[in-house]
Amino acid sequence: MPERMKDLFTLGDLKNWKAKSKTPIRLGVFGDPVAQSLSPQMQNAALENCGLSMGYARFEIGADELPAALESLPELNFVGVNLTVPHKIAAFQLMDEVDESARQAGAVNTIKVENEKLRGFNTDGKGFARAIREEFSVDLRDLRVLVLGAGGAARAIALECAKENAERLVIANRDFEKAKNLAEELRPFFAEARVLGPVPRLQAIPWDEPAFRFQIANVDLVVNATPLGLHHADAAPISARLLAPHLMVYDTVYSHGQTALVSAAIEAGARAANGLSMLLHQGALAFEIWFDRAAPLGAMREALSSASR
Ligand code: NDP
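Within each chain, residue numbers correspond to sequence positions counted from 1 in written order. Under the rules for a predicted model, residues below a pLDDT of 70 receive no local features and side-chain atom pairs below 80 are neither given nor counted, while totals for whole chains, interfaces and linings still include all residues. As a convention, hydrogens and water are excluded, and side-chain values are obtained from all of the structure's heavy atoms.

Participant: Kindly report on the packing of aromatic side chains, identifying the contributing residues and their values.
Facilitator: Pairing of aromatic side chains requires ring centres within 6.5 Å, counting the rings of Phe and Tyr and the six-membered ring of Trp. Pairs whose planes differ by under 30 degrees are stacked, by over 60 edge-to-face, and all others tilted. For the structure shown, the criterion picks out 10 aromatic pairs. Relative to Trp290, the ring of Tyr56 lies with its centre 6.2 Å away and its plane at 50°, an arrangement referred to as tilted. Within this pair, whereas Tyr56 is found in strand β3 (residues 55–60), its partner Trp290 is found in helix α11 (residues 276–291), the two being separated by 234 residues in sequence. Through a chain of ring-to-ring contacts, three or more aromatic side chains come together here, namely Phe9, Trp17, Phe30, Phe59 and Phe78. Under the scheme used here, helices are H or I runs from DSSP no shorter than 4 residues and strands are E runs no shorter than 2 residues, and both carry numbers assigned from the N terminus.

Here it is, written out as structure tokens:
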């Protein structure tokens, strides 16, 4: 096989690293699946814009391959990597150090290699807060939020809502126990009473239509933090008939075109956005961690918008 336009590497490639390219690959994203990730386009545009002569690539790394892949980073002179599904929670145990953002989220999405050590960070929560501000011109502290999901992304988002003192937080998950556990972890943030009427400030709810229907009237922002929508055939995580014009709907999924949830929300007269803005801001924050300098947001945004067309 001719040298693939190697934009997808594997653990085997890392173990036998001889990536031939004009600019050495010293950054990347580990995930499985990862072929659909737009991080390389965005980060390579940032590197180029800043005159940093190195590249960022995709690495298809399975769950059981993560320890070996991470171990290889210092000797290969990597600056760092991003992590996506399914690695964020598993990676937490594999770091030499974690910062406060990763410790609180219990998950790592950005790793910086420093003095041969792996330092873990989590930029998803802050990236989400910036995305909401950008898309809807509101701050989380003013919102009543329904988060769909209780996995890595949902944890970071729910934690950010808690830290920003959101008015209300409701967590729904298919595995209800996980939603309840996450709500319990966040309870200390919601101790302060607020005048909200008959609904509690913090609540876990089961994944079913009656529960969603009741909550919709009592929230402002609905966030999809499940992978539903990644595939064209996926239904929206919440029934279209429940969506209402007062809502803001944020789908962390970014796929080509609109997800079913975003389309249904717009149809219902609600404001809606997909996860490209969160991808942008979590990526900009990662860039700042790696290089201790401001990220070129304009170049990153432009690269993302042409890659997602
Ligand atoms: P995880 O695997 O950690 O969590 C997945 C969550 O989705 C769980 O709560 C799971 O519920 C739920 N879920 C999965 N399948 C279904 C289903 N068929 N029906 C209902 N619920 C389901 O993944 P992450 O949290 O890391 O990522 C989730 C998604 O968030 C990603 O697919 C990605 O699209 C998006 N994301 C976007 C980012 C961005 O920058 N825009 C950043 C990070 C993530 P259960 O516990 O019951 O299994």
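After presenting the structure, the write-up continues.
Participant: Let's hear about the pairing of strand β6 (residues 110–114): which residues, and what values?
Facilitator: Here's how the labels work: a residue is buried when its accessible area is under 20% of the maximum for its type, exposed when over 50%, partly exposed in between, all with a 1.4 Å probe on protein chains only. Among the five residues that make up β6, four are buried, leaving the element largely enclosed by the rest of the structure. Strands are treated as partners if at least two bridges between them are detected by DSSP. By the bridge criterion, five bridges tie β6 to strand β7 (residues 117–121) in an arrangement that is antiparallel. Its bridge partner being in β7, Thr110 is matched across the sheet by Phe121. Counting the residues in the hairpin turn of β6 and β7 gives two residues, including Asn115, whose phi is positive at 50°.

Participant: Let's hear about the site of the ligand: which residues, and what values?
Facilitator: The environment of the ligand is made up of 25 residues, and the closest members are Ala150, Ala153, Asn173, Arg174 and Lys178. The contact in question runs from an oxygen atom of the ligand to an N or O atom on the backbone of Gly151, over 3.3 Å. Distance and chemistry together define a polar contact, namely a pair of N or O atoms within 3.5 Å, with one atom able to donate a hydrogen and the other to accept it when in protein, and with adjacent residues in sequence counting only for side-chain atoms on both sides. At 3.2 Å, a backbone N or O of Leu279 approaches an oxygen atom of the ligand. Listing elements by their share of the shell around the ligand, those giving two or more residues are α7 (152–163) and α11. When residues are grouped by polarity, Ala, Val, Leu, Ile, Met, Phe, Trp, Tyr, Cys and Pro land in nonpolar, Asp, Glu, Lys and Arg in charged, and all others, Gly among them, in polar. Residue composition of the shell around the ligand, by class: 12 nonpolar, eight polar and five charged. Near is defined per residue: the residue qualifies when any heavy atom it owns lies within 4 Å of the molecule or strand.

Participant: Requested: an account of the sheet that holds strand β13 (residues 271–274), with residues and values cited.
Facilitator: Taking strand neighbours across the sheet as the criterion, the six strands line up as β10-β9-β8-β11-β12-β13 in an open arrangement whose pairing is parallel. Of all the strands in the sheet, the pair left with one neighbour each is β10 (202–206) and β13. Here the average twist between neighbouring strands, direction ignored, is 15°. Docked against the sheet, helix α8 (residues 176–186) engages β9 (168–173) and β10, running at close to 155° with respect to β9. Where helices are involved, their axes are fitted lines through C-alpha atoms of the stretch in contact, as for all axes, and angles between N-to-C directions lie from 0 to 180°. In what follows, residue pairs with any heavy atoms lying within 4.5 Å of each other are defined as contacts.

Geometry only, nothing functional implied.
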